[in-house]
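# Inside the fold
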Amino acid sequence: MTALNRFSIKPLSTMTRLLADVASARREPDLVIGGARVMSTYSERILGDREVWISGGRIAAVKPAGSYKGSAAKRYDAKGGIIAPGLVDPHLHIESSMVTACAYAEAALLNGTTTIFCDSHEIGNVMDVAGVEAMLEDARQAPLSIFLTVPSTVPATSPELETAGGDLTPEKIAALFDKWPEAVALGEKMDFVPGRHG
Ligand SMILES: [Zn+2]
């Protein structure tokens, strides 16, 4: 069995025809979650008596309870539970939790967070680029969508105030953006007064 992570599911653009077929009941879903209430963030309402049709790891349709008439799909009874979209955490430092990305993912997912944007400046401050990349390698194994905002301020202060193990120069930051598709933005700016790394 392949690892469950964000690469396990095919890109949406390659699945729209399949999902449309499933939603139109021309093909069987893989899984039907019944007995569910669905939290609609569009209407700000909890929708009762719904069932969710899943195909290829994606939601193909949300239907009134009892709509599924086939027999091939696996069934899961949510027993009145609420199905809600995953939460997105736009800024955190995994290593400040003193755990790896995979261990962090376990706790985050159990509490409903499915996507995070980490800024690895603590590990960058200790191990420079090698630390940031080691955390990204680990993050790719996690069943959580983990993106990187590239640390902008390593070290966080001046050499007179700290002896850091890393020095992320603009060149190194640029190379991280070039190498890692997870890198989506620049991380938090701390030492803005002296204008380090401009
Ligand atoms: Zn922060």
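Please read all numbers here as calculations on a predicted model, not as lab measurements. (Residues numbered from 1 in each chain as written. Predicted model: local features only at pLDDT ≥ 70, side-chain atom pairs only at ≥ 80, totals over all residues.)

## Here's the deal with unusual backbone geometry
What counts here: Starting at the N terminus, helices and strands are each numbered in turn, a helix being any DSSP run of H or I of at least four residues and a strand any DSSP run of E of at least two.
Residue Pro155 is bonded to the preceding Val154 through a cis peptide linkage, with omega at 0°. The topology assignment puts Pro155 in the loop between strand S8 (145-150) and helix H4 (170-179). If you check the backbone angles, Lys79 has positive phi at about 50° while not being a glycine. With respect to the helices, strands and loops of the structure, Lys79 is situated in the loop between strand S4 (74-77) and strand S5 (82-83).

## A short note on the nonpolar core
Keep this limit in mind: By definition, a nonpolar core groups buried Ala, Val, Leu, Ile, Met, Phe, Trp, Tyr and Cys residues that are joined through C-beta atoms within 7 Å. Residues with at least 20 neighbouring C-beta atoms inside 10 Å of their own are called buried, those with 12 or fewer are called exposed, and the rest are partly exposed, where every C-beta is derived from the backbone. By definition, residues are in contact whenever their C-beta atoms, placed on the basis of the backbone, come within 7 Å of each other.
In this structure, Ala101, Ala105, Met135, Ala139, Ala142, Leu144 and Ile146 are the most contacted members of the largest nonpolar core, which totals 21 residues. If you list the elements that add at least two residues to this core, you get helix H2 (101-110), strand S7 (113-118), helix H3 (121-139), S8 and H4. Here this core takes five residues from H3, the largest share from any one element. The contacts of Ile146, once residues within four sequence positions are left out, are Ala101, Ile116, Cys118, Ala139 and Glu182. Core analysis: the next-biggest nonpolar cluster, separate from the first, contains nine residues, Val32, Ala36, Trp53 and Ala60 among them.

## With respect to the domain arrangement of the protein
Where interface size is given, it is often the accessible area lost as the parts come together that is meant. Under the convention used in this document: An automatic or database domain assignment supplies the residue ranges for each domain.
Splitting the protein by domain gives domain 1 (12-83) and domain 2 (87-186). Look at where the C-alpha atoms of domain 1 and domain 2 centre, and you get two points 35 Å apart.

## A short note on H3
What counts here: Take the number of residues in a helix, subtract one, and multiply by 1.5 Å to get its expected span. For a residue, the bend is simply the angle between two axes, fitted respectively to the seven-residue segment ending there and the seven-residue segment starting there.
The terminal C-alpha atoms of H3, which comprises 19 residues, lie only 15 Å apart, well short of the 27 Å expected from a rise of 1.5 Å per residue. Maximal helix bending in H3 amounts to about 135°, located at Met127. Among all positions in H3, only His121, Ile123, Gly124, Asn125, Gly131, Val132, Met135, Leu136 and Ala139 are buried. If you follow the buried residues of H3, they end up packed against H2, S8 and H4.

## Quick word on the pairing of strand S9 (residues 183-186)
Heads up, the rule is: We treat two strands as partners when DSSP finds at least two bridges between them. With its strands directed away from the observer, a crossover is right-handed exactly when the path from the first strand over the helix to the second travels clockwise.
Sheet topology note: the S8/S9 ladder contains three bridges and is parallel. Bridging from a neighbouring strand, Leu148 pairs with Ala183 of S9. Following the backbone out of S8, through H4 and into the adjacent parallel S9, one traces a crossover that is right-handed.

## Quick look at the sheet that holds S8
The line we're drawing: Interaxial angles span 0 to 180 degrees and are taken between N-to-C directions of axes, which are lines fitted to C-alpha atoms, for helices over the stretch in contact.
The strand order S6-S7-S8-S9 describes an open sheet built from four strands, whose pairing is parallel. Where the open sheet ends on each side, the last strands, each with one partner, are strand S6 (87-92) and S9. Recorded for the sheet is a direction-independent mean angle of 25° between the axes of neighbouring strands. In this structure, S6 lies alongside S7, joined through four bridges in parallel fashion. By the bridge assignment for S7, Val88 is matched with Thr115.

## Examining the pairing of S7
Regarding the hand of the β-α-β motif, the stretch spanning S6, H2 and S7 is right-handed. When S7 meets S8, the two strands line up parallel, connected through four bridges. Residue Ile116 lies in a different strand from S8, and its bridge partner there is Ile146. In the classification by handedness, the crossover that spans S7, the intervening H3 and the parallel S8 is right-handed.

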